[in-house]
Amino acid sequence: MIEILVLVFGITLLFASITNMLSSIIRILVLQGLILFGITILKSTHLNWLGFGFIALETLIFKAIVIPWFISDTIKHNAIHREVEAYVSNFFSLALMSLIFLGSFALAVFSGQQSGRLFPLEFGIAFATIIKGLFIIIANKKLITHLMGYLIMENGIFLLSLSVGTDLPHIISLGISLDILLSVLIGVLFIKRIKSTFDDADSPGQLREE
Amino acid sequence: MSIGFLILFLALIPALWKRSGLFAILWLLGSGIIAFEYLEVLYSYSVQDFLISFPLPLGIANIGLNKLSAFFGTIFSIGLPLGFLYGHFYLKQHQAPGLRSHLFWLGILGLSMHGILWMRHILLFLMVWEVMSVSSFFLVMHDRSVSLKAALNYIITMQIGAGFLMAGFGILYLQTGSFDFSILSAMHSLPLYLLLIGFGFKAGFVPLASWLPQAHPVAPAHVSGIMSALMVKCGLYGILTLLAMNSLNLREIAVFSLISIVTAFWGVIHAMISTNLKKALAYSTIENMGIIGIGLSVGLLGLDSGNPVMATLCFAGALLHSFFHSLFKALLFYLSGNILCATHSLKADDLGGLAKKMPRTAIYFLIGVIGISALPLGNGFISELAIYFGLFNAISANDLPALVMGIVLLGMMAFVGALALIAFAKLFGIIFLGEARSPKADNACEIHRGMRIPQFALSIGILAGGVFGGLGLRFVKPVLRWMGLYMLPVLDLQGIYQRLSVIILLMLLIFLLLYLIRRITVKTVKSATWGCGYQKPAARMQYSSLAFVHPLSYFLKPFILLKKSGTSAKSMHPKEISYHEEALDPFFRYIVEPISKALAWFYSLFSHIHNGRTNAYIAWCLVFLILLLIWVLL
Amino acid sequence: MIHILIILLLPLLVPGLISRVKAIMVGRIGQSVFQPYFHFAKLLRKEEVISSSASLITAVAPALALAATFCAALFVPMGNSASLFSFKGDFILMLYLLALAKAFMVFAALDSGSSFEGMGASREISFTAFLEPAFLLIMAALVFSTGFTSLSTLLSSYSISGLEVWSLVLGTITVFALYLMLLVESARVPFDDPNTHLELTMIHEVMVLDLSGFSLALIHYTAALKMLIYASLITQVLIPANASLHLLWYLIGILGIAILTGLVESLMARFRMNRNLELVLVPVTLSVLALAALIARSMGAW
């Protein structure tokens, strides 16, 4: 069951390469949050109510509900144009995605043979997610897409911590969720603040690199 | 053996008297005898091994054949006489000064190509290698007005390659003190790399192949065919000799496979966007060398990782491909000579509709295209099938490096094969099908029957090799046994080729049945092209060659260096606009040209010394003597 | 034998079913499911109009395309788990026979001397460039899990069982990639619109604009046979090897895929042409993912 969820997680990355709409990437973030929730629940061997509540808070509430709501709200408020404006065409991002999969799985098997306490499938997909998130940041023009790429990268790091064979240490997940929370808050508030400060200037929807 | 070579030496006499017909006939005769002897060495236990003692410093030289030389010797003795026969008829149509020397150098080239296979002494080998390079240089320069620059580039590149060979051989001589070929086994890495690079210059692997697309298009058609089909195999022969006597470790195999992939990809995308027929064929030679390299690298991986089945299959595929490539590449180059004779143009965008004017040329070209795109019916499929089998064996093994390399090479080889199909479908479609795009093509007519004879022979060879794959495999078996490979997969492959022949014959049967039914029962009416109701089609409105590859060229643009120039419309009623696009070779432009410019600038600093006055020269001599005196005294 | 009967009789039913489903979805009654058969019979009786620009290729190409596709279909298991011909590695031959058919169709298109056919030919052959690696990589995934054998053995020994989760996941990815290949090769929405001959949708339909009568009948049959080949591959991946009533499940699978294609055609719009060329890379990425996951699982630490 875990393997199915992890492979579906990998397929969502494929969708991120194909799509041209910002709303699709938000849906991908929601889906990834739900999958991570499922994976953590299935992986945790012993669970008390506090642990369950914490995990549910972090993955389900934060990743799948609050943050995507924040982002779509920002997009609506600032009238950001709905297309993902990329520097490279979908073809090259798909081709690069194939190479990323091949590379990260080769790395996963190689490290697995070295250490032996690794789940290669999760490791491979997690590493591919991190590189894909980085690639989204590099290859897109809009600032809001950079934010979403960063969030995908954080999802990948979360999955990476799951792929090492120990039980989920709460310190790591605490650190990650704090990280995400602060970055999203700062990003969103920054964008909102710009709009209210420079109300007469160009709208923040045109906030992008050229 | 001596009778055959004697006849080939005698053929130089009619060459000097401009009797190209007699020259070609003597070559056919001599090559027939030699081919018989080569096959005897290949299949039986007969040995051709002579020890000749030369004056020092050469010492005692071993001159003889091994199975690999016999294999390549048979390929040469099939390809060379056909080429010379075609050349006889071609040169009659394209008169140019210097026929006497051209025929002489043709003879020398043929003899030196055979000679390379016999020499087992590194100094003699280098001497014959140089003779081969120099003779091909003179051959490329036949029509001096177009070919001078490319020919000079060619000879200089070949000399640099020979320099690498000399360096490698020199290091080996210093290490072992012997000139014999037996020093080539179990080498250290430095001489091995130098020798591989030296042979790579001749074979046409990528960073070293800038000379190929420049020299082959400007040479006359028979010379291009011989060079592209046979001479690059000399480089391949050198590489195979080295690989048979040494083993590479995993890192070196990975580098070799990377170079082969880049070579194949590079060649095929430039072939796709070339509009000049001969240039596309030259790039396609680079691509096929890349495919042979892929086969060799997977075979080496099989030897290294202990998977003998994979090794046998891939080496069989690589050897088969080198044989089959000589057939279809020669055929396509000779056909380009046909087209040049009939229309005086090789630009695909000027031609069109030649299938109605030159039907036999069109059929031979179609067979050549089927061969080179590795479609079933052609022999290219047979060799690529063997390499695919090796790759799938790599995937079903349990070894991580073999798996990763197998997957990457499988994807790239399938991709390169599909792109080659696109490139050649474009060439065949634009040149032969549709309507004539210019008066040059409109006035074409079928050429002299003599030029078609060697093309007919090659087409029969391609079809026979394609339908009866077992024939090619039988040709390659002795070499595989000589290399010490495990022979059981070859029996497997033989059975598969037999079943393949059955299916292909079945397909031809069904095709003939349907065609005859149509021929007999269906009434046909001729009318103008409908084209979805477009009333007035014009010949120049047809798809052009760049438009044909446009959907993919969008993705290939990062890999191609394009130089665009043109004038755009300036006012509301523009008089004239132009656009010129050319694909450049980045290795040539960014590496070779700057170096040669820098060298030329450096030498120009000394141009003051050359001022033509005798007093200055004597003054320089005096200065030199004074400096020498000072140096001796100190 | 069942196999030959299926190859001869079943292909034209698939386009008929697809058209019927599309008609029902928009509220019409639509033509009979057997209409392509009647159309085929009518075309055989008509005389052919040959373009004055055409050469021998136009006469030869449809017959050769059909012969090649027919021989490719002999390697695909239809109706039961064995195919008529098989040898180790025959899927490579099957792929290249389909490429031979496509090459000759492209030649016939360029032969008519009209730029419309040239456009269709160039786009059609560009799609092949990415589908060949995708197919071979899918086969590589099957070869990795069950060993290097013939196509029918590969498909029958790769069984999807509900208990083994991995086979379910990989089967899904393989079936999805193969289905995308079916849509591209048979020129269905979202890659091409088989109903129109306009410039926007000029891929497959436009290559046959200048063929008529007997040749056009052969071409229709060849296209339907190609669709049947891909649909059979998908169905045989899904059916476990030792199922009883294999023929019944096979027919249900083929008809189900036809109905599904009709639904997809009705519910989706055709993608922009540039986007099509980009999307045609998706089967390659999917098969690389499946292959990498397979390798990681079998060589991994757990």
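All values reported here derive from a predicted model rather than from experimental measurement.

A few words now on the overall build of chain C. Looking only at helices and strands, chain C has twelve helices and one strand in total. In chain C, the succession of α and β elements from N to C terminus is α-α-α-β-α-α-α-α-α-α-α-α-α. Against the globule reference of 19 Å for 302 residues, chain C gives a C-alpha radius of gyration of 19 Å, in line with a compact fold. Across its three principal directions, the C-alpha atoms of chain C cover 65 × 40 × 40 Å. When burial is assessed residue by residue, chain C has 64% of its 302 residues classed as buried. Considering only residue pairs separated by 6 or more positions, chain C has 76% of its internal contacts joining residues 24 or more positions apart.

Regarding its fold elements, chain A presents seven helices and zero strands. When the helices and strands of chain A are listed from N to C terminus, the series reads α-α-α-α-α-α-α. When the 210 residues of chain A are sorted by exposure, 39% land in the buried category. Sequence-distant contacts in chain A: of pairs separated by 6 or more residues, those separated by 24 or more amount to 72%.

This brings us to the nonpolar core. If you look at soluble globular proteins, the nonpolar side chains tend to sit buried side by side. Ranked by internal contacts, the top residues of the largest apolar core, which has 390 residues, are Ala 316, Leu 419 and Ile 422 of chain B together with Phe 107, Ala 140 and Leu 291 of chain C. Each of domain 1 (1–246) and domain 2 (248–519) of chain B accounts for three or more of the residues forming this core. Among all residues touching Ala 316 of chain B, those that are not within four sequence positions of it are Ala 386, Leu 473, Val 476, Leu 480, Val 490 and Leu 493 of chain B.

This paragraph deals with the environment of Lys 329 of chain B. All names here are of chain B. Examined against the element boundaries, Lys 329 turns out to sit in helix H13 (residues 308–343). Separated by 41 residues in sequence, Lys 329 and Asn 288 place their C-alpha atoms 9.7 Å apart. Discounting residues that sit within four places of it in the chain, Lys 329 has contacts with Ser 228, Ala 229, Leu 281 and Thr 285.

Take the environment of Cys 341 of chain B next. Residues and elements named next belong to chain B. Mapping Cys 341 onto the fold places it in helix H13. Each C-alpha atom, one on Cys 341 and one on Ile 447, is 7.5 Å from the other, the two residues being 106 residues apart in sequence. Residues contacting Cys 341, with those up to four places away along its chain left out, are Gln 93 and Ile 447.

Of the residues in chain A, 78% reach a pLDDT of 70 or more, and the chain-wide mean stands at 78. Within chain A, the lowest mean pLDDT, 68, falls on helix H7 (residues 170–197) of chain A, and the highest, 88, falls on helix H5 (residues 120–139) of chain A.

This part covers the interface of chain B and chain C. One frequent convention defines the size of an interface as the accessible area lost when the parts assemble. Between chain B and chain C, the residue contacts involve 65 residues of the former and 65 residues of the latter. Within the residue set of the side of chain B that touches chain C, elements represented by two or more residues are helix H14 (354–357), helix H16 (379–395), helix H17 (400–432), helix H21 (488–521), strand E3 (524–527), helix H22 (545–548) and helix H23 (550–556) of chain B. The element best represented in the side of chain B that touches chain C is H17 of chain B, accounting for 15 residues. Residues belonging to the side of chain B that touches chain C are distributed by class as follows: 45 nonpolar, 14 polar and six charged. Bridging between E3 of chain B and strand E1 (residues 48–51) of chain C involves four bridges; their strand directions are parallel. When the bridges of E1 of chain C are listed, Lys 526 of chain B appears paired with Ile 50 of chain C.

Attention now goes to unusual backbone geometry. Residue and element names in this part refer to chain C. Residue Pro 190 follows Val 189 across a cis peptide bond; omega there is 5 degrees. When you line up the elements, Pro 190 lands in the loop between helix H8 (165–185) and helix H9 (213–238). The backbone phi angle of Ala 187 is positive, close to 55 degrees, even though this residue is not glycine. Among the secondary structure elements, Ala 187 is positioned in the loop between H8 and H9.

This part covers the pairing of strand E1 (residues 49–53) of chain B. Residue and element names in this part refer to chain B. Counting buried positions along E1 gives zero out of five residues, so the element sits mostly on the surface. Pairing geometry for E1 and strand E2 (residues 60–64), over five bridges, is antiparallel. Residue pairing across strands places Phe 50 opposite Ile 63, the latter belonging to E2. The antiparallel hairpin formed by E1 and E2 contains six residues in its connecting segment, where Gly 59 sits at a positive phi of about 80 degrees.

Here the focus is the environment of Thr 524 of chain B. With respect to the helices and strands, Thr 524 of chain B occurs in strand E3. Ignoring anything within four residues of it in the chain, the contact list for Thr 524 of chain B reads Glu 47, Glu 48 and Ile 50 of chain C.

A few words now on the confidence of the model for chain C. Mean pLDDT over chain C: 85, with 94% of residues reaching 70 or higher. In the predicted complex, the global pTM is 0.90; the interface-specific ipTM is 0.92.

Moving on, we get to the packing of helix H6 (residues 115–146) of chain C against H8 of chain C. Residues and elements named next belong to chain C. The geometry of H6 relative to H8 is characterised by a closest axis approach of 11 Å and an angle of 155 degrees between their N-to-C directions. Taken together, H6 and H8 sit at an angle that is classed as roughly antiparallel. The chirality of how H6 crosses H8 is left-handed. Of H8, the residues touching H6 (which contributes Phe 127, Leu 131, Ala 134, Phe 135, Ile 138 and Ala 141) are Leu 170, Thr 174, Ala 177, Leu 178, Met 181, Val 184 and Glu 185. Its residues assigned to classes, the contact of H6 with H8 comprises eleven nonpolar, one polar and one charged.

Attention now moves to helix H20 (residues 469–482) of chain B. Residues and elements named next belong to chain B. Given a rise of 1.5 Å per residue, 14 residues ought to cover 20 Å, and the 21 Å separating the end C-alpha atoms of H20 matches this to within 8%. Helix geometry: H20 is bent most strongly at Val 476, by close to 35 degrees, with proline Pro 478 lying one to four residues after it. Elements in contact with the buried residues of H20: helix H4 (67–93), H13, H16, helix H19 (449–467) and H21. One or two steps after H20, the chain reaches Gly 484, where phi turns positive at roughly 80 degrees.

Rules and cut-offs
Residues numbered from 1 in each chain as written. Chains lettered and ligands numbered in written order. Predicted model: local features only at pLDDT ≥ 70, side-chain atom pairs only at ≥ 80, totals over all residues. Helix = DSSP H or I, 4+ residues; strand = E, 2+ residues; numbered from the N terminus. Rg over C-alpha atoms; globule rule 2.2 N^0.38 Å. Buried ≥ 20, exposed ≤ 12 C-beta atoms within 10 Å, placed from the backbone. Contact = placed C-beta atoms within 7 Å. Core = buried A, V, L, I, M, F, W, Y, C linked by C-beta atoms within 7 Å. Domains from an automatic or database assignment. pLDDT = per-residue confidence, 0-100. Nonpolar A, V, L, I, M, F, W, Y, C, P; charged D, E, K, R; others polar. Pairing = 2+ DSSP bridges. Axes fitted to C-alpha atoms, helices over the stretch in contact; angles between N-to-C directions. Parallel < 35°, antiparallel > 145°, perpendicular 65-115°, else oblique. Left-handed = near helix turned anticlockwise from the far one by under 90°. Expected span 1.5 Å × (residues − 1). Bend = angle between axes of the 7 residues up to and from the residue.

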